[in-house]
Amino acid sequence: MSQGFADVGGAIQKIIDRAQAMSKQSENSTQQKEPLEDINCLDCRDTGMLIEKVEEELKLKGQEPMKILKDVGRPCHCVKQKSLKNRFKNALIPDEFKDARFDNYVLESDVQKTLFKAIKDYLEDFPNIIENKPEHNSIGFMASFGESRIRAMNAEDRYQAKAEHNNFGLGKTHLQMAAAKWILNRIRVRDEIAPGQKSKFDRGCRVLCVSDVTFMDDLTSAKMASDGGESLNKLTESALQADVLVWDDLGKSKHSESKEGLYYKIINERYLHKKPIIFSSNEDTGTLADKIGYAASSRLLGMCGDHLYKVEGKDYRLRKGA
């Protein structure tokens, strides 16, 4: 083993040893404890490491298998929470939605009421979704008549179609951002630390918000970077590791075969691991497949089940300015 690896391994072991000592101290009420006011995280006692016992099967030659308990160290949720706060702070959320909440969502039109009830019903079931990981775990707001379909028309028909099938300014993004904040503030998660065994510690739910055009441009640029795929892996991992991915304006980015592969990688991985996606799109089910690829679209729509809403109505922004 090289000296560099030895140094890293030694540093990690020191952290684990300290965390184990702290864990034993917290379990023994007769021992003197650090004053609570000096500790920010009571779970790891500011070591940044959680120690939990995992049951493993030990097989020795000529003997019956036996169950043993093994100490396993992993980063504390407080470390991940700091990363989450930074990530959410820097998420690609338009400034106009930084104050988006449910209590300031306008409920005037039928479509706004439909969208509001849809997200409310979804969030009522969200604790079950995040805990039990059902097949239908996502929610999508889509157009009844896709933007790409309208753009392909001649000028006269396009004007008429826009008037009859508007999908802009309905409040979809407002509700997505409000839902993201609700989840961040209310939902706690317990990680699976071994097959069938969940951690005794909970943590805040990790939410990542992306805007389609910016996100896909960043992924495309990272894919072309000469860094051995490091930049691309960091971006895709952030979307894969988040407990909830909020994807605004899905399919807005200009289509390319390269982007189809990126859409598929992210959506398929979340599909396989039953991780929710909250998305909006100004495309319909047919044109969305044209923009992100049939395979990715099929998986995403399948993840929604009954929580897929095709909506259209008057643009609230235009009504507000009238």
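A brief look at the structure comes next. (Residues numbered from 1 in each chain as written. Predicted model: local features only at pLDDT ≥ 70, side-chain atom pairs only at ≥ 80, totals over all residues. Heavy atoms only, no water.)

So, about the overall build of the protein. Helix and strand content of the protein: 13 helices and 11 strands. Relative to its full complement of 322 residues, the protein shows a buried share of 40%. Counted over contacts in the protein with a minimum sequence separation of 6, partners at least 24 positions apart contribute 73%. For the protein, the accessible area works out to roughly 18,400 Å², and carbon and sulfur atoms hold 50% of it. (Helix = DSSP H or I, 4+ residues; strand = E, 2+ residues; numbered from the N terminus. Buried < 20%, exposed > 50% of the residue type's maximum accessible area, 1.4 Å probe, protein only. Contact = heavy atoms within 4.5 Å. Areas by Shrake-Rupley, 256 points an atom, 1.4 Å probe, with all protein chains shown as cover.)

Membership of the largest hydrophobic core comes to 31 residues, with the highest contact counts inside it found for Phe-126, Ile-183 and Val-244. Among the secondary structure elements, those contributing two or more residues to this core are helix 3 (110-124), helix 4 (126-132), strand 3 (139-143), helix 7 (172-186), strand 8 (207-211), strand 9 (244-248) and strand 11 (308-311). Counting residues in hydrophobic clusters, the runner-up holds 27 residues, among them Met-142, Val-210, Leu-232 and Ala-242. (Core = buried A, V, L, I, M, F, W, Y, C linked by side-chain atoms within 4.5 Å.)

This part covers the side chain of Lys-275. Along the polypeptide, Lys-275 turns up in the loop between helix 10 (257-272) and strand 10 (277-280). Buried charge without a partner: Lys-275 forms no salt bridge, and the closest opposite charge is Asp-243, 5.3 Å away. Of the polar contacts made by the side chain of Lys-275, one reaches the backbone oxygen of Leu-240; its length is 3.0 Å. Setting aside residues no more than four positions away along its own chain, Lys-275 makes contact with Asn-137, Ser-138, Leu-240, Gln-241, Ala-242, Asp-243, Arg-270 and Met-303. (Lys, Arg positive; Asp, Glu negative; His and termini not counted. Salt bridge = Lys/Arg side-chain N within 4 Å of Asp/Glu carboxyl O. Polar contact = N/O pair within 3.5 Å; in protein donor to acceptor, adjacent residues only side chain to side chain.)

Look at helix 8 (residues 212-224) against helix 10: their axes get within 10 Å of each other, and the N-to-C directions meet at 105°. For the element pair helix 8 / helix 10, the angle class is roughly perpendicular. Taking contact as the criterion, the partners of Asp-212, Phe-215, Met-216, Asp-217, Leu-219, Thr-220 and Lys-223 in helix 8 are, on helix 10, Ser-258, Lys-259, Leu-262, Tyr-263 and Ile-266. Residue composition of the contact of helix 8 with helix 10, grouped by class: six nonpolar, two polar and four charged. (Axes fitted to C-alpha atoms, helices over the stretch in contact; angles between N-to-C directions. Parallel < 35°, antiparallel > 145°, perpendicular 65-115°, else oblique. Nonpolar A, V, L, I, M, F, W, Y, C, P; charged D, E, K, R; others polar.)

Bringing the sheet that holds strand 10 into the picture now. Strand order in the open sheet made by the five strands is 8-9-10-3-11, with parallel pairing throughout. The open sheet is flanked by strand 8 and strand 11, the only strands paired with a single partner. The mean inter-strand angle of the sheet, taken between neighbouring strand axes irrespective of direction, is 15°. Summarising the sheet, strand 3 and strand 11 pair through four bridges and their orientation is parallel. Looking at the pairing, Phe-141 lines up with Tyr-309 of strand 11. Sitting on the sheet, helix 7 touches strand 3, strand 8, strand 9 and strand 10, and the angle it makes with strand 9 is about 165°. Relative to strand 10, helix 12 (residues 294-304) is tilted by about 110°, and along the sheet it contacts strand 3, strand 10 and strand 11. (Pairing = 2+ DSSP bridges.)

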